[in-house]
Amino acid sequence: MGLFSKKTCCFCGKEAGLLSRKKLHDKNYICKDCEKNCSAYIEASNFDKEFLQNHIEYMKKQNSLYEKEVAPLDNSQKERYVSGWNGINFIDSIGMFEVLSPKYDKKNAKELFRYDQVQDFEYYTVANSSQDGKKYSEAGIEIKFRCPIDENGWKNNDSEGGRQHPYVSKIRIPFEKNTDDATCGSLAKAHMNKLFGRASESVAGSIKESFTGTGTQQAQAKAGIESLKSLGNLAKAAIQNDSEGMENAKSELKNAATDMMNATFNYGAKYTQIADDAEKRAWENN
Ligand SMILES: [Zn+2]
């Protein structure tokens, strides 16, 4: 009956094996080989044929972008943080990074993420449920992207503002098994802090609970403090009837408000131009 009947892959037309095929939302099937054309960071079975067809075209463009803009670079032009099979490869000169994982390794296309698509990032930990005395079973960096769809393929209403990633809303990079020897994840996060203008955190010793506040929260708190300072200066200048002081305080307030807006809505916007230039070089001069 149905369960054991032969199914055909809707992309290549070949028979899709029972154990390796996946059923799509529109009841079509995708075979294991065609799934290799999709991103390692989406789940194909959450989507339908038409959606994946567009996605596979997107991935081909990603691969050509990588071939033209990243493949020719030597190691000094990349900043790689890898632990085991997982890691991140920053290419600051084009405002993009690559996420390394065993699943990504098996894919047909290389893929890059733009810095200006990042909505937020934080160090995450997974509590250890076994009784071996370790507090965490996994720790690493979680990166959230502004994206119109969430990890389950549903419409994501929380993605307003700034540059969006068309497919990926969240990636976890599991750098460490526990946080006692955490170095790789915290070094990678330190580089991200630098990129996105966040206060640096100590990487000495184990990862402390202070790592867990999200970067947006930290940046907003900082911008909030600056606003309060400027408001204080404005009040002081007004009391002293100091017009120059008032103008200065007003412009400080405006800068603090701009920082807050950037922290909230437009993280990484300063990398838009160099990422746009790289895409233009790769895709428009064929
Ligand atoms: Zn196929």
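Note that the structure is predicted; figures quoted are calculated from it, not measured.

**A few points about the overall build of the protein**
- From N to C terminus, the protein includes 7 helices and 11 strands.
- A buried classification covers 30% of the 286 residues belonging to the protein.
- Of the contacts formed within the protein by residues at least 6 apart in sequence, a portion of 50% connects residues at least 24 apart.

**Examining helix α7 (residues 272–284)**
- Compared with an ideal rise of 1.5 Å per residue, which puts 13 residues at 18 Å, α7 spans 17 Å between its outermost C-alpha atoms and is within 8% of the ideal.
- Restricting attention to buried positions, one finds in α7 the residues A275, A278 and A282. Along the axis of α7, the buried residues cluster in a sector spanning 60 degrees; they form a single face. In α7, the exposed residues that point more than 90 degrees away from the buried face are Q273, K280 and E284.
- Buried-residue contacts for α7 involve α2 (49–69), β7 (96–100) and β8 (113–114).

**Points about the sheet that holds β8**
- The antiparallel open sheet is built from 4 strands, whose spatial order is β5-β6-β7-β8. Looking at strand neighbours, the two that pair on one side only are β5 (79–83) and β8, the edges of this open sheet.
- Note that β5 and strand β6 (residues 86–91) share 5 bridges and pair antiparallel. Bridging from a neighbouring strand, E79 pairs with F90 of β6.
- Its contacts with the sheet put helix α4 (residues 184–195) on β5 and β6, and the angle it makes with β5 is roughly 155 degrees.

**Describing the pairing of β6**
- Between β5 and β6, which follow one another and run antiparallel, lie 2 residues, and G84 among them has a positive phi close to 65 degrees.
- Bridge count for β6 against β7 is 5 bridges, and the pairing is antiparallel. Within the sheet, the bridge partner assigned to G87 lies in β7 and is L100.
- Linkage of β6 to β7, two consecutive antiparallel strands, is achieved through a turn of 4 residues, within which G95 is found at a positive phi near 65 degrees.

**Here's the deal with the environment of N193**
- Secondary-structure assignment places N193 in helix α4.
- Residue class for N193 comes out partly exposed when judged on the 17 C-beta atoms lying within 10 Å of it.
- Spatially, the C-alpha atoms of N193 and F121 are 9.2 Å apart, while their sequence positions differ by 72 residues.

**Brief notes about the sheet that holds strand β11 (residues 170–176)**
- Here we have 3 strands laid out as an open sheet, ordered β9-β10-β11, and antiparallel in their pairing. The open sheet has two edge strands, β9 (118–127) and β11, and neither has a second partner. For this sheet, the mean angle separating the axes of adjacent strands, direction not counted, is 25 degrees.
- Examined bridge by bridge, β9 and strand β10 (residues 136–145) share 9 bridges and lie antiparallel to one another. Residue pairing across strands places A127 opposite Y136, the latter belonging to β10.

**Brief notes about the nonpolar core**
- If you look at the biggest cluster of nonpolar residues, it comprises 35 residues, and the most contacted ones within it are I88, M96, F97, V99, I141 and A188.
- Within the residue set of this core, elements represented by two or more residues are β6, β7, β9, β10, β11, α4 and α7.
- Apart from the residues within four sequence positions on either side, F97 is in contact with I88, N89, F90, I91, L112 and F113.
- In terms of nonpolar packing, the next biggest core, distinct from the first, is built from 11 residues, C9, C31, F47 and L52 among them.

**Side note on unusual backbone geometry**
- For K27, which is not glycine, the phi torsion reads 75 degrees and is therefore positive.
- Examined against the element boundaries, K27 turns out to sit in the loop between β3 (22–23) and β4 (29–30).
- Taking the number of C-beta atoms within 10 Å as the measure of exposure, K27 has 10 and is therefore exposed.

**Quick look at the confidence of the model for the protein**
- In this model, the protein carries an average pLDDT of 84, and 80% of its residues clear a pLDDT of 70 or more.
- Note on residues 202–212: pLDDT is under 50 here. Beyond four places in sequence and across chains, it has 16 contacts.

Cut-offs and rules
Residues numbered from 1 in each chain as written. Predicted model: local features only at pLDDT ≥ 70, side-chain atom pairs only at ≥ 80, totals over all residues. Helix = DSSP H or I, 4+ residues; strand = E, 2+ residues; numbered from the N terminus. Buried ≥ 20, exposed ≤ 12 C-beta atoms within 10 Å, placed from the backbone. Contact = placed C-beta atoms within 7 Å. Expected span 1.5 Å × (residues − 1). Arc of directions from axis to C-beta. Pairing = 2+ DSSP bridges. Axes fitted to C-alpha atoms, helices over the stretch in contact; angles between N-to-C directions. Core = buried A, V, L, I, M, F, W, Y, C linked by C-beta atoms within 7 Å. pLDDT = per-residue confidence, 0-100.

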